[in-house]
Structures are given as C-alpha cells and as structure tokens.
Amino acid sequence: MDLIIEGIVKAFQLLASLDPEVLGIAWLSLKVSGLATLVSLVIGISVGTMVALTSFPGKKILVSLVNTGMGLPPVVVGLFVSILLWRNGPLGFLELLYTPGAIIIAQSVIATPIVMGITIAAMQNLPANLRLQILALGATRFQLVWMLVKEARLPLMAGVMAGFGGVISEVGASIMVGGNVRGYTRVLTTATVMETGRGNFDVAIALSLILLLFCFVINYVLTHIQQRERPR
Amino acid sequence: MKQPHSMLDLKDLKVDRGGVRILDIPSFSLYEKEFVSLIGPNGAGKSTLLLSIMGLLKLASGSVWYRGKEIQSDASRLHMRRKIAMVLQEPMLFDSTVYENVASGLKIRGVGRAEIRSRVMTYLERFNLADMAGRSARKLSGGEARRVSLARAFAVEPEMIFFDEPFANLDAPTRQSLTDDMDKIIREKGIAAILVTHDQSEALRLSNRVVVLNGGAVVQDGTPAAVMNSPVNEFVANFVGMETILEGVVLSNVEQQMAVLVGGHEIDAIGSGLPGNAVYCCIRPENVTVSIANPAHKTSARNVYPARIVEIASMGPFLRLKLDCGFPLTSYVTRESFAALALSQGCAVYASFKATSVHPIGKRTG
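Now for a look at the structure at hand. (Residues numbered from 1 in each chain as written. Chains lettered and ligands numbered in written order. Predicted model: local features only at pLDDT ≥ 70, side-chain atom pairs only at ≥ 80, totals over all residues.)

### Remarks on the sheet that holds strand β3 (residues 35-39) of chain B
Residues and elements named next belong to chain B. Our working definition: Paired strands, in this sense, are two strands between which DSSP finds at least two bridges. Numbering of helices and strands starts at the N terminus; helices are DSSP runs of H or I of at least 4 residues and strands are runs of E of at least 2. Axis lines are fitted to C-alpha atoms, over the contacting stretch for helices. Their N-to-C directions set the angle, which ranges from 0 to 180 degrees.
Across the sheet, which stays open at both edges, the six strands sit in the order β6-β7-β8-β3-β9-β10 with mixed pairing between neighbours. The open sheet is flanked by β6 (84-87) and β10 (217-222), the only strands paired with a single partner. Between one strand axis and the next, the sheet turns through 15 degrees on average, direction left out of account. Taken together, the four bridges between β3 and strand β9 (residues 209-214) define a ladder with parallel strand orientation. Bridge assignment links Leu-38 to a residue of β9, and that residue is Val-211.

### Thoughts on the interface of chain A and chain B
Definition in use: Contact between residues is assigned whenever the C-beta positions, reconstructed from backbone atoms, fall within 7 Å. Amino acids outside the nonpolar list (Ala, Val, Leu, Ile, Met, Phe, Trp, Tyr, Cys, Pro) and the charged list (Asp, Glu, Lys, Arg) are all regarded as polar, and Gly is one of them.
On the side of chain B, 22 residues touch chain A, which itself brings 17 residues to the contact. Counting residues per element, the ones that place at least two in the side of chain A that touches chain B are α6 (128-136) and α7 (141-151) of chain A. It is α6(A) that provides the largest number of residues to the side of chain A that touches chain B, a total of six residues. Considered class by class, the residues forming the side of chain A that touches chain B number eight nonpolar, five polar and four charged.

### What to know about the environment of B:Arg21
All names here are of chain B. Looking at the element boundaries, Arg-21 is found in strand β2 (residues 20-31). A sequence separation of 194 residues divides Arg-21 from Gly-215, and the C-alpha atoms of the two residues are 9.0 Å apart. Those residues in contact with Arg-21 that lie beyond four places of it in its chain are Lys-14, Asp-16 and Gly-216.

### Describing the nonpolar core
So the rule is basically this: Joined through C-beta atoms within 7 Å, a set of buried Ala, Val, Leu, Ile, Met, Phe, Trp, Tyr and Cys residues constitutes a nonpolar core. Here a residue counts as buried when 20 or more other C-beta atoms sit within 10 Å of its C-beta, as exposed when there are 12 or fewer, and as partly exposed otherwise, the C-beta atoms being derived from the backbone.
Counting residues in hydrophobic clusters, the biggest one holds 158 residues, and the most contacted among them are A:Ala106, B:Val102, B:Ala151, B:Ile161, B:Ala193 and B:Cys281. Each residue touching B:Ala193, except ones within four places of it in the same chain, is listed here: B:Phe35, B:Val36, B:Met160, B:Ile161, B:Phe163 and B:Ile186.

### Comments concerning the sheet that holds strand β18 (residues 328-334) of chain B
Residues and elements named next belong to chain B. Overall, antiparallel pairing links the five strands, which are arranged β15-β19-β16-β17-β18 in an open sheet. Only two strands of the sheet have a single neighbouring strand rather than two, namely β15 (289-291) and β18. With strand direction ignored, the average angle separating the axes of adjacent strands in the sheet is 45 degrees.

Structure follows, in structure tokens:
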C-alpha cells in the first residue's frame, strides 16, 4: 500500500517540478501520435467517403475488411512494419527502423482503418434524402461531397478522436519499430513499460497520469459530440 | 390570348426499379406560371416523377426537355436544376444556422456575398424568420424548420418549384399560413409549381391544373373542377372523394352570407368571398336532401332547386343519385327513402341543401 501512495506522491512531485525528461516523453508522444492521426485522417476520410458514397462490386467485403482493421492488434502491425523496414527488407533502404518515423508509419497503419470505418458509418448514417436535397439545390458532385462531409463533421471528429486514442495508448508497435531509444523514440507507453520493469513506480505512475489525462480529454470531447443531435 | 410557353416537357419517360416499371409518362408539360397539383395514392409515382425531372433518378428511357432543349449532358442538367427549387417532405436542413441554411443554394451558385446577404434577409423576413437568423437549425420546431426549408428554396429565385408534400404532419393553422406565404410568392414572381398533396381542398385552392397518378401512370389531367366533378374512372372518383364541386362567382356578401352565381343559378353559402371573386362551392352528397314535393315551406334549407335524376348507382347501404339542377349535384339517399319516395331515373324531384353545407374555396386566378 505504501508503495502506491509513495509512488503517487512522487509522481505528482515529478509533474509539478516539470521534469524535463517526463515532459519530453509526453511531447514526443503527442507529436508522433498526432502526425500518425493526421495521416490516417487524410487517407481514412477521403477513401472512407468515396467508399460510402459509391457502390461497386465487393463493397461489402471491403467494408468488412476495414471494420476488421479497426481492431488490428498493434503487435501484428509492429511485426509487419518491422519486416518491411528491416535492413534487408523491401523498404530497408529508407533506414527508418528505430526512428520516430517508423512509429508514425506503424501508428498510421493502426489508426487509418479506425478513421475509415467510422467515416464510412458516419456518411452512411446521414439521411438518404440529404443527398437528394443537396443535389436539388444545384450542387456539383464536388460540392455534394464537400457538403456531406461538413454535415458528418461531428461523427468524423469522433473518428479522428478514436484513432488518436487508439495510437497514443498502444505500446506493442511503438516498442517494436521504435525501440524505446531514450530521448529519441521513447514515448509514454514504452517508457511506462520500461520504468515498471525497473521498479521505478513513481516515474511510471507520473507517465500513466499524463496518458490518462490525454484519454480523458479525448473521451470528454467524444461524449460531447455524441450527445448532439441532427437538425430536423 | 398568348399561348403560354412550356418550361418543361417530358417525353416517353419510363423509370424502373428492381425490374418493375414504376413510372410511365408518355408526355407531360409544365407551362409558365402554371400551378399543378399532383395527387394519387402512396406509391403512385408522384415523388418519382419529381425526382426524374430533376435528373436525380436513372431513367429507363425517355427524355426531359427544358425550354425546348433536351437535357443530354451533365452540364445542361445542372443548369436546369439550378432553375428549379425542390422542397422535400422533411425539411432536410443543414447542421448550421438558419441564415446559413437559407444561403446554401446561393452559395452553391457562387452568388456574391453582398447579394447573398440581401436575398437571405429578404426571404427570412418573408417567412417570419428574421429574428432567428443566427439560431442553430437543430433548435427549431417542426413548423419553423419547414419555413426555413421554404425560405431556402425561394431564396434562389427559381423559375420552377417542386413541393413533395412539404406540409405533411403539420397542424392545420401552420399549414394554412405556410401555404398562403408560399402561394403569395409564387404568384408574385410568376413561378411555375408542382405540388404533391393529399389534401383535396389544398389542390383546389392553389392549383389551376390537377394531375392524378396511379401505378406510375397519369390517369387524369385537367382543371381542378373537371377532375373532382368528372372523374374519368372509378379509381379517380374514389380517390378524390365524391363531393360536388361547382365553379361560381360571388354576387354579394352581407355579413358572411354569400350569394354565388353558379351556371345561371344563385346558391346561398357562408363565407368571406368578396363580390366578383371566383370560388368553388363544395357540397357533400350526404348533405343534399331529395324530395318529391317542393320543401320550400317546410325546410330551413336556403337552397332548393327543381332537379331531374340522371343516374342512379349503388353504394352499399345507400344509393348515389346524380342530379341535374341546371348544374350537376350528387346526393346520397338510403335504400329505404329511395323506395318510399318511389324514385327512378328521369324522375323530377327537388334537391335542397343548407347554406352551411356549402364549403366555399377561393379559386386561383390567372
């Protein structure tokens, strides 16, 4: 019991003193996961919108695959990205393995299906007649897509949040492709794993508190979004 | 009189869904300043017709012509769509402010900011929405949302406007005020309109042409009085109801007591029509009494006319008599009184109905 209380007290001391190493790790986590989310947003929303608004043979299979991808185990992604980036691997010449770039790639692979899956659902959940109404207002195809995306902006935002929440808290892929190099590829989750292993519970708890804070903010925004209603 | 130009022509329009033909219109035209009511049961193809004109449905065959030119390219279809406004059954507002909603059609057309502002304000005011401009579309009542969708449609100042039952599920006063506002703008701007409606009196009041659809085909197309009084078949008769509808002109009105001239006869009615106004007098058959002797001294009914029975049809427990009083009139009598009065075809009788049984509807002019 003492261990926990002592750990929490020390953790708050670390946070209050703005420990540069802890803050550095938190900042890197935000940067890496933020960039990965940005990549997944660009790919996920554009492809997801296209899939949702068109019909083609095999659409159901594709949507099922995307939905499966929403629960992709990070270690599996870590494994395949490692193989691809391995010195002798197909993308070895990029020399990205054990760099923040590798983590961004792996996390993008994890977040993209999440954003895409939620985008498809969000676009398909818009009332069918909304599309007719926009076209009847004289919209071009491009204006139609833009207006539909604008109408679905809140569920899309939820998708982005879910994607970010997924990657900031994953550890498997980050540790495999990033290597947890101090001051370079050490992020909140990999650092927590390491410090716990070493028995430095105070540092581990401090890192966890920051991670929890991120998760809380994400979920607060999500809840807010989900409680809004569509107009009549 | 100058022949009005057709704005829209449909030729051999056919639409299929799942291998079933759901619309088959050999020809249909909409003329300038015309107000057409489209009536028919659910699934008759009313909405399908509007959507196919807009090019929002794939046609199995046929063509749509806008001002004498066939719509063939995407560009010409878009050009035509931007001349038409369409109001759907649900308001389908965008998730933004009332102002932004009303401005949306203009933004799509790339209208300048200042022009958008002045037009949006004009139509917000016309639909009593001026004080709601900044309000979120999510916080509107059903009636308010309809008004916003009407303002959005009129703001683009269309040449034609299509309404797909836009007033369904609204209470009667709201419905009345909305149709009044809409009708006023349509007349003022000379917009041609097609209204899908289930409401007979709305069709009478607003339109100068009624088109009855059933099973994807036009079964009758004519003036409101022609369709309601002389339905071409059993289906239309059952669908439009059996009211007698007489076209007339108000002669005088003293404290709501109107005298209406119908086919050379005066009919007393209760209403607010002014002398010279064209009106429809609607009389339900169950309110028309038939007798052999002149009931003028025994009845409080103000309208008594000598008549002749021209047709007798069985309607289950009662009989439907078509009478000729110098104007057509329909009456229902029970089988008992039919037998008691010893009625037969060609029989001379008296038809009477009260002034309060006449339901006057102001007629659209021009």
